[in-house]
Structures are given as structure tokens and as C-alpha cells.
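# Reading the structure
So you can see what is in the structure, the chains are spelled out below.
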Amino acid sequence: MTEKFVHIDVSNYVALVTMDRKPVNALSREMRRQLVAAFDEISARDDVRCAVLTASGSVFCAGADLKDRPDQDIPGDFLEHNRITRETGNAIRECAKPVIAAVNGAALGAGLGLAAACDILYASENATFGMPEINVGLAGGASMLRTLFGRSTLRRMFYTGQRLSAHDLLRRNVIEEVLRPEELLPVTMELARVIASKAPLATIYAKRAANMVDVMPQRDAYRFEQEFTMMLAKTEDAREARMAFLEKREPKFKGC
């Protein structure tokens, strides 16, 4: 039986996704496959409207498991390894539901990539962030750093493997807040519940729009957003939201 490295717990339309591969949640190929499956499942589940990604122990994710490197003597093994590596972050980025990172410790290399793929980032006081590939003779991850940092910081981290603290990221407006370890999950789960209380279809399209503006010219991206708004305006949930506002009550969304 395959060991379970990723756990999903769903309550009140929020999925808590916990990485659990001792001792430091290093990413093996199997763990990556389980992460991809977890976020694909979340995309498809009607009882999930938002997700929180965190980890067991005191390390969020120490990066790729160096003991599980591809075998260059096996034709195609490197390509298969690279494919599942790419798709791990893509599964989070392309998840239909918003994903909040609750970074409870070191997020290094591919672990930083996981956090970067999330929509909203929170971190505990003991969290650190780095791309240490250069320290083991490798180079990779600039595309992940680019989504979080400016040109100079990106290159300094990329060329040196230097780590930044959670407070460093807060000063750079990369994360929302630095919290005591015991506060991290309560705060992120509460935000997830707020997001989950919104109209489900509107939230799904809001995430699509947010992803689009990252890669499209403003003119084109806004045009697509306007088309989403026109479509959503015709839904039952939009009507319910308007009626609830006028009647000064909480809306009851159906996801249609």
C-alpha cells in the first residue's frame, strides 16, 4: 500500500491540505503525485470552495528529495521527473478554488515554489524562504522567485542560495502577515471561511481572472473579466446576493 503523504480534511467548505512526509516534507515523486491529485480533487469537489496548504512538523517543505533524483541511464526518466515537478505547482496555481499558504517553517527550493503557487501567503515567525539549488550544483526556480520578488532580490537569492525570513518577506509585501506558530492555522482557516462564504461561481471566476492578469496585457485581461461579470450577472447566486443585500440578511448560495 502506498504511504499517504498528503491529507485532506474538509469542513464548512474549506479543505485543509497537510503535507506529511517526515522529517522535513521533502518532495519525492510520489508525494508530488499525491499533491497533484489532492488539488485536482479540490477543483472537482462541490463541498470545497477554498483550500489551505500547510505541513506537519516544523518544516513547511525542504524542497526536492535529493535521494529521489531521476536516473540518467533510464531513457525518459528525467523527462518524467521534470513533468511531475512542473505539474506540482501547476496543480495549485490552476486549482479552481483559491489556495492559501500557511507556511509553518522553512520553505526551500521546490517548497518555496509550492508557496509561490498559492493565491495568498501567511507565515509563522519561524518560517524562512530560499532557493538553495546553487548550493548543490544546480540552477532552477527563477520562474518561481519572479512571482514574488523584484529583479535584484530574485538574482541575489538565485545566485547565492541565501534565505530570507518571514519578516523580510513581510517588509517586501510578499506575505500578508507574520504570526506566532499557534496563530497560523486559526488565522488562515478563518480567512478561508470568509472566502468560502462568497458565491462559489464568482470565486471560481475570480481566481481565473487573477491568474489571467498575471500573464495577459491589461487591456485583454480586463476584457475577459468583463465577460465573466456579464455571465455571472445572469446566475441565481448573483440574484440571491442582491436580494440578501437589500433584505439585510446572509445570502444562501447554490453555486448556480
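My aim in this report is to walk through the structure given alongside it, one point at a time. Being a predicted model, the structure only gives us computed values, none of them experimental.

What counts, and where the lines are drawn
The numbers attached to residues start from 1 for each chain and follow its sequence in the written order. Totals for whole chains, interfaces and linings use all residues, but because this is a predicted model, local features are given only for residues with pLDDT of at least 70 and pairs of side-chain atoms are given and counted only at 80 or more. Working from all heavy atoms in the structure, the side-chain values ignore hydrogens and water. Axes here mean lines fitted to C-alpha atoms, for a helix over just the part in contact, with angles spanning 0 to 180 degrees between N-to-C directions. Think of it this way: any DSSP run of H or I at least four residues long counts as a helix, any run of E at least two long counts as a strand, and we number them from the N terminus. Each angle is binned into one of four classes, with values under 35 degrees roughly parallel, values over 145 roughly antiparallel, values of 65 to 115 roughly perpendicular, and all other values oblique. Here a residue-residue contact requires only that any non-hydrogen atoms of the pair lie within 4.5 Å. Working rule for helices: expected span equals 1.5 Å times residues minus one. Each residue's exposure class comes from its accessible area (1.4 Å probe, protein chains only) as a fraction of the maximum for that residue type: buried when under 20%, exposed when over 50%, partly exposed otherwise. Patch membership is restricted to residues that have no salt bridge and whose relative accessible area is over 30%. Joining uses 9 Å for like charges and 5 Å for the nonpolar side chains Val, Leu, Ile, Met, Phe, Trp and Tyr. Only the protein chains shown count as covering a residue, and every accessible area follows the Shrake-Rupley method with a 1.4 Å probe. Just to be clear on terms, a salt bridge is a Lys or Arg side-chain nitrogen sitting within 4 Å of an Asp or Glu carboxyl oxygen. Aromatic pairs are defined between Phe, Tyr and Trp rings, using the six-membered ring for Trp, whenever the two ring centres lie within 6.5 Å; interplanar angles under 30 degrees are classed as stacked, those over 60 as edge-to-face, and all others as tilted. Note on geometry: a ring has a charge over it if NZ (lysine) or CZ (arginine) is within 6 Å of the ring centre and within 35 degrees of the ring normal.

### Thoughts on the packing of helix 8 (residues 200-215) against helix 9 (residues 218-233)
The geometry of helix 8 relative to helix 9 is characterised by a closest axis approach of 9 Å and an angle of 175° between their N-to-C directions. By the criterion of interaxial angle, the relationship of helix 8 to helix 9 is roughly antiparallel. Facing Leu 201, Ala 202, Tyr 205, Arg 208, Ala 209, Met 212 and Val 213 of helix 8, the residues of helix 9 in contact are Ala 221, Phe 224, Glu 225, Phe 228, Met 231 and Leu 232.

### Comments concerning helix 8
Helix length check: helix 8 (16 residues) gives 24 Å between terminal C-alpha atoms against 22 Å at 1.5 Å per residue, within 8%. The complete set of buried residues in helix 8 reads Pro 200, Thr 203, Ile 204, Tyr 205, Lys 207, Ala 209 and Met 212. Looking at the buried side of helix 8, the elements it contacts are helix 2 (77-93), strand 5 (99-103), helix 7 (181-196), helix 9 and helix 10 (236-247).

### Comments concerning the environment of Pro 98
By secondary structure assignment, the location of Pro 98 is in the loop between helix 2 and strand 5. Sequence separation between Pro 98 and Cys 118 is 20 residues, and the spatial gap between their C-alpha atoms is 7.7 Å. Setting aside its immediate chain neighbours within four residues, Pro 98 contacts Arg 49, Cys 50, Ala 51, Asp 119, Ile 195, Thr 203 and Lys 207.

### A closer look at a nonpolar patch on the surface
On the surface, Leu 66, Val 136 and Leu 138 cluster together to form a nonpolar patch covering roughly 260 Å² of accessible area. Note that Val 136 resides in the loop between strand 8 (128-130) and helix 4 (142-146). For Val 136, a relative accessible area of 48% translates into the label partly exposed.

### Considering the packing of aromatic side chains
In total, this model carries two aromatic pairs according to the counting rule given. Between the aromatic rings of Phe 158 and Tyr 159, the centroid separation amounts to 6.3 Å while the plane-to-plane angle is 40°, which identifies the pairing as tilted. Owing to a relative accessible area of 53%, Tyr 159 belongs among the exposed residues under this scheme. One residue, Arg 208, lies across the ring of Tyr 205, its end atom 4.6 Å from the ring centre.

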